[in-house]
Amino acid sequence: MGEFMNICVFGAASKVIDKKYLDAVEEMGEYLAKNGHDLVFGSGRTGNMGAAARGFRKGGGKTHGVIPKFFKEDLSDYVDFDCDEMIYTDTMRERKAIMEDMADAFIITPGGCGTFEEFFEVLTLKQLGRHRKPIAVYNIDGYYDIMDSVMDNSIGEGFIRGNVTALYKMFPSLDGLLEYIERDDMQGLTLRDLK
């Protein structure tokens with residue numbers, strides 16, 4: 001078991017996604033909690049966010065939710081109010097900043113626009129040397145294969161440096177994911193190598 005980490009999990013809040021994603025994310029949460037880690041997330045009760053929280057609780061981990069205040073009034077049926085710690089923010093931007101600051105590592109599970117944005121934001125910040133936190137993409141049932149192709153195309157066209165792929169890692173299963181987030185060293189790269 002590695003050193004304790006707050007692991008930020010990004011993922012869908014959708015109520016209509018396939019159960020295969022929910023089951024895999026819940027299993028992941030339980031596995032990470034049983035290995036001594038806690039969850040930082042957007043305090044969602046539904047979709048992959050809800051599945052992550054259920055898994056962490058099942059595994060004995062704590063859940064730290066971060067949610068904009070307007071969710072309490074407008075989107076309360078999406079909110080998990082049973083977190084061990086709840087932080088309310090004024091804006092979505094502040095929400096992301098707090099989650100990023102609290103996290104020791106990031107796991108991207110299948111999601112939509114918000115999840116894509118969160119992945120690319122933490123990846124860009126890492127590329128700019130603002131953090132060195134591990135970023136794991138949990139590629140359940142090949143969901144992120146197309147994103148992988150987009151990255152390869154952008155690298156091939158010269159828009160993204162090839163070594164950016166050292167800043168995150170795709171995992172088709174839980175095999176190796178925990179070891180990666182506990183021990184990632186960016187393959188020894190420094191900010192200078194990435195510019």
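Computed from a prediction, not measured in an experiment: that's the story for all the values here.

Taken in spatial order, the seven strands of this open sheet run E4-E3-E2-E1-E5-E6-E7, and their pairing is parallel. Edge strands, defined here as strands with exactly one partner in the open sheet, are strand E4 (85-89) and strand E7 (169-171). Looking at each pair of strands side by side, their axes are set apart by 25 degrees on average, direction ignored. Pairing between strand E6 (residues 135-138) and E7: three bridges, direction parallel. Paired with Tyr-138 across the bridge in E7 is Phe-171. Sitting on the sheet, helix H2 (residues 47-58) touches strand E1 (6-10), strand E2 (38-41) and strand E3 (63-68), and the angle it makes with E2 is about 160 degrees.

Below, the discussion takes up the nonpolar core. Membership of the largest hydrophobic core comes to 29 residues, with the highest contact counts inside it found for Val-9, Met-28, Leu-32, Ile-107, Tyr-138, Leu-177 and Ile-181. Of all the elements in the fold, those that place two or more residues in this core are E1, helix H1 (19-34), E2, H2, strand E5 (105-108), E6 and helix H7 (177-183). The element that contributes the greatest number of residues to this core is H1, accounting for seven residues. Of all hydrophobic cores here, the second largest spans 24 residues; its members include Ile-108, Ile-135, Val-164 and Leu-189.

So, how was this worked out
- Residues numbered from 1 in each chain as written.
- Predicted model: local features only at pLDDT ≥ 70, side-chain atom pairs only at ≥ 80, totals over all residues.
- Heavy atoms only, no water.
- Pairing = 2+ DSSP bridges.
- Helix = DSSP H or I, 4+ residues; strand = E, 2+ residues; numbered from the N terminus.
- Axes fitted to C-alpha atoms, helices over the stretch in contact; angles between N-to-C directions.
- Contact = heavy atoms within 4.5 Å.
- Core = buried A, V, L, I, M, F, W, Y, C linked by side-chain atoms within 4.5 Å.
- Buried < 20%, exposed > 50% of the residue type's maximum accessible area, 1.4 Å probe, protein only.

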